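Each chain, written out:
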Amino acid sequence: MTAPGSRSTGTVRPYGLDCSGFVDWVFNNSLGYVIGHGGGAASQHDHCKPISWSEAQPGDLVFYPGDTHVGVFVGKDSNGDPLIIHCASSQNNVVLTGLQGFVSIGRPDCF
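Attention in this report is confined to the structure presented alongside it. (Residues numbered from 1 in each chain as written. Predicted model: local features only at pLDDT ≥ 70, side-chain atom pairs only at ≥ 80, totals over all residues. Heavy atoms only, no water.)

Here we look at the nonpolar core
At step 1: Grouped together as the largest cluster of nonpolar side chains are 10 residues: Cys19, Val23, Phe27, Ile35, Ala41, Cys48, Leu61, Phe63, Val70 and Val72.
At step 2: For this core, the elements supplying multiple residues, two or more each, are helix H1 (19-31), strand E4 (61-63) and strand E5 (70-76).
At step 3: For this core, the leading source of residues is H1, giving three residues.
At step 4: Sequence-distant contacts of Phe27, that is, excluding residues within four places in its chain, are made with Gly32, Tyr33, Ile35, Gly59, Leu61, Val72, Pro108, Cys110 and Phe111.
At step 5: Listed in part, the seven residues of the second largest apolar core include Ile51, Ala56, Phe73 and Ile105. (Core = buried A, V, L, I, M, F, W, Y, C linked by side-chain atoms within 4.5 Å. Buried < 20%, exposed > 50% of the residue type's maximum accessible area, 1.4 Å probe, protein only. Helix = DSSP H or I, 4+ residues; strand = E, 2+ residues; numbered from the N terminus. Contact = heavy atoms within 4.5 Å.)

This is the structure:
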């Protein structure tokens, strides 16, 4: 991957993707659609319908407060806890985690 990262969030990833770039990459490669048209996590959130955690389906987007980070809900673990895939700059990788700071969820307008 070679992408500049997001200057809007202060995360510059010269040889990789930031969180919203990863979400764009996933949706563009699977559906041929870019949520928020490349405008970062806040724009992606604007293109989602708010839903409750109990309504969560794989492909829904999850957000940190203030839209400072975004990930993709992929399902639940054996305990019924949410699983989220996201590009975590602190871990310099795409990771699968639990909620870890994600506070809201939305269904992208392409579904």
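Now, onward.
Notes on the environment of Gly66
At step 1: Along the polypeptide, Gly66 turns up in the loop between E4 and E5.
At step 2: As for Gly66 and Ala42, which are separated by 24 residues in sequence, their C-alpha atoms are 7.9 Å apart.

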